[in-house]
Amino acid sequence: MSLPEPNSPWPPKQFAAEYAVMRVDDAWYSGDRKRLAQVYARDQLRPDGRRRLWGRRPPAPGQRDERLHIPLAADIANTSASLLFSEPPVFTVEDSATQTRLDELTEAGGVANTLLEAAEVAAALGGVFLRVTWDASLAARPLLTAVHADSALPEFRFGILSAVTFWHELPSDSATVWRHLERHEPGRILHGLYQGDADRLGVRVPLVEHPDVAGLADSLGEQGDAIETGLPDALTAAYVPNMRPNRAHRGSPLGRSDYQGAHDQFDALDIVWSSWMRDIRLARARLIVPDGYLRSNGPGQGASFDTDRKSGRRSTSRRPRPGRGSPCRSSLSGWPSISRPPRPSCARPYRAPGTARRVSGSAMQLPLPQPR
């Protein structure tokens, strides 16, 4: 096998389905609202027929974009990695000299941080590649790096990685797309530089044509495109799946993401959050505060905020405390700044939210309108 043929479609068709799913997972993982809008520009409806929040048309120039995003997907990936590597891994061998050298390599190379990064990416995209490479001008040791699954073209035999081609786009000041392909095979690593466009790999050109990869030309062997690793039976890359099986692509050796089947739930959560913040801003919400939240006087001090639709103001009413004849009343002005506390007219001093010693009652409730 060798590098892909020039002018071939990019990415290859056999990886189109997996790449499409990873593109959606990556958009949720990044939390970028523009990227989410681009992903759902052509897939605007959920299976239940409702329009997705990020499939709606963006507002006109000068208008407020009220769509908000909760970074739940990123938190899921971060939590998954933190649980997997809650403690740095320990690598041990029997030989003491080898153990000393191994400890030096893992400490200098920051292997624990690399594995933590790889675990988070694997949780989001379904898997990650670990690659061993080297650069004597940077460090006199091998380098362990994590390569994201949407930048690799793997080849499996019986579920075992037999070869993989990593690729990434190089900087360009024109419409031309420069791609560097790095193929790992047992015993060697092939390098290729291609000049094409967004949909085509383009023609292959010498590595010296682009300054970012020109330094690799001096390391190539007699054939002019490969670096011999000296390990004819070993591959300098490995694939680590997040979990299997891949339910969306049964039989695929690739792992599945923690987000598989949860994209619509993420979108629905963003709809709820956006609607909530919009109604709070427009003073259309009714907020029920848990007992004792605004004051730490024990149970029985729940308060409800009602909106006067005519004036747009809110009033706060409280139930009378035992032993007192009149309730403690206060009002809020300057809505929608919900961070401003009400000014109570009672004798007891005000205690800021979050400092109460005791909180009882039901959780905060807020009726939300149906998404348009």
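What comes next concerns the included structure. (Residues numbered from 1 in each chain as written. Predicted model: local features only at pLDDT ≥ 70, side-chain atom pairs only at ≥ 80, totals over all residues. Heavy atoms only, no water.)

A word on unusual backbone geometry
Leaving glycine out, the prevailing phi sign among residues is negative, and the prevailing peptide bond configuration is trans.
Then comes step 1: Omega for the bond connecting tryptophan 10 with proline 11 falls within 30 degrees of zero, at 0°, which places this linkage in the cis form.
Then comes step 2: Relative to the helices and strands, proline 11 resides in the segment before α1 (16–30).
Then comes step 3: Looking along the chain, the bond that leaves arginine 244 and enters proline 245 is cis, with omega of 5°.
Then comes step 4: Within the fold, proline 245 resides in the loop between β9 (237–241) and α6 (263–281). (Helix = DSSP H or I, 4+ residues; strand = E, 2+ residues; numbered from the N terminus.)

So, empty space enclosed by the protein
Then comes step 1: Taken as a whole and assessed by the stated rule, the structure comprises 4 cavities of 30 Å³ or more.
Then comes step 2: Counted as a void, the largest cavity has a volume near 100 Å³.
Then comes step 3: Broken down by element, the lining of the largest cavity gets its largest block of residues, 4 residues, from α1.
Then comes step 4: Residues of the lining of the largest cavity, tallied by class, amount to 5 nonpolar, 6 polar and 3 charged. (1 Å grid on protein atoms, 1.4 Å probe; cavity = no way out; pocket = protein on both sides within 12 Å on 5 of 7 lines; lining within 4 Å. Points joined across faces, edges and corners; volume = space filled by probe spheres on them. Nonpolar A, V, L, I, M, F, W, Y, C, P; charged D, E, K, R; others polar.)

Quick notes on the sheet that holds strand β1 (residues 127–133)
Then comes step 1: Pairing is antiparallel in the open sheet, where 3 strands are placed in the order β2-β1-β9. Here the strands that pair on one side only, and so sit at the sheet edges, are β2 (143–148) and β9. Across the sheet, the mean angle separating the axes of adjacent strands is 25° when strand polarity is ignored.
Then comes step 2: Where β1 lies against β2, 6 bridges are found, and the strand directions are antiparallel. Among the inter-strand pairings, valine 128 is bridged to a residue of β2, identified as histidine 148.
Then comes step 3: Where helix α5 (residues 111–125) meets the sheet, its contacts fall on β1, β2 and β9, and the angle it forms with β2 comes to roughly 15°. (Pairing = 2+ DSSP bridges. Axes fitted to C-alpha atoms, helices over the stretch in contact; angles between N-to-C directions. Contact = heavy atoms within 4.5 Å.)

A short note on the packing of aromatic side chains
Then comes step 1: One pass over the structure, following the stated rule, counts 9 aromatic pairs.
Then comes step 2: Their ring planes at 90° and their centres at 5.5 Å tell us that tryptophan 10 and tryptophan 167 sit as a pair that is edge-to-face. Of this pair, tryptophan 10 sits in the segment before α1 while tryptophan 167 sits in strand β4 (residues 160–170); the two residues are 157 residues apart in sequence, bridging distant segments of the chain. Comparing tryptophan 10 with tryptophan 167, the two get one shared label, buried.
Then comes step 3: With a centroid separation of 5.8 Å and an interplanar angle of 75°, the aromatic rings of phenylalanine 156 and tyrosine 239 are classed as edge-to-face. Taken together, the positions of phenylalanine 156 in strand β3 (residues 152–157) and tyrosine 239 in strand β9 put the pair 83 residues apart, joining distant regions of the chain.
Then comes step 4: One aromatic cluster is present, built from ring pairs that chain together Trp28, Tyr40, Tyr259 and Phe266. (Phe/Tyr/Trp six-rings, centres within 6.5 Å; stacked < 30°, edge-to-face > 60°. Buried < 20%, exposed > 50% of the residue type's maximum accessible area, 1.4 Å probe, protein only.)

Here we look at the pairing of strand β6 (residues 188–196)
Then comes step 1: Taking burial as the measure, the 9 residues of β6 include 8 buried ones, the bulk of the element.
Then comes step 2: With 9 bridges connecting them, strand β5 (residues 177–185) and β6 associate as antiparallel partners. Each residue of the ladder has a partner; that of histidine 180, found in β6, is leucine 193.
Then comes step 3: Taken together, the 3 bridges between β6 and strand β8 (residues 226–228) define a ladder with antiparallel strand orientation. What sits directly across from isoleucine 189, in β8, is isoleucine 227.
Then comes step 4: Note that β6 and strand β7 (residues 203–205) share 3 bridges and pair antiparallel. Following the sheet pairing, leucine 193 is matched in β7 by valine 205.
Then comes step 5: Counting the residues in the hairpin turn of β6 and β7 gives 6 residues, including glycine 202, whose phi is positive at 90°.

Here's the deal with the nonpolar core
Then comes step 1: Trp28, Tyr40, Phe129, Val164 and Phe166 are the most contacted members of the largest nonpolar core, which totals 36 residues.
Then comes step 2: Per element, the largest residue contribution to this core is 8 residues, and it comes from α5.
Then comes step 3: Ignoring sequence-local partners within four residues, the contact set of valine 164 consists of Phe129, Ala152, Leu153, Pro154, Glu182, Arg183, His184 and Ala237.
Then comes step 4: With 11 residues, the next largest nonpolar core counts Phe15, Leu181, Leu190 and Ala226 among its residues. (Core = buried A, V, L, I, M, F, W, Y, C linked by side-chain atoms within 4.5 Å.)

Quick word on the side chain of threonine 165
Then comes step 1: Along the chain, threonine 165 falls in strand β4.
Then comes step 2: Judged by relative accessible area, which is 3%, threonine 165 ranks as buried.

Brief notes about the pattern of salt bridges
Then comes step 1: Summed over the entire model, instances satisfying the criterion amount to 13 salt bridges.
Then comes step 2: Arginine 183 is the partner of glutamate 185 in a salt bridge, and the nearest nitrogen-oxygen pair spans 2.4 Å.
Then comes step 3: When the shortest N-O distance is used, the salt bridge between arginine 188 and glutamate 185 registers 2.9 Å. The pair arginine 188 / glutamate 185 is uniform in exposure class, with both members buried.
Then comes step 4: Within the structure, one salt-bridge network assembled from shared partners comprises Glu155, Arg183, Glu185 and Arg188. (Salt bridge = Lys/Arg side-chain N within 4 Å of Asp/Glu carboxyl O.)

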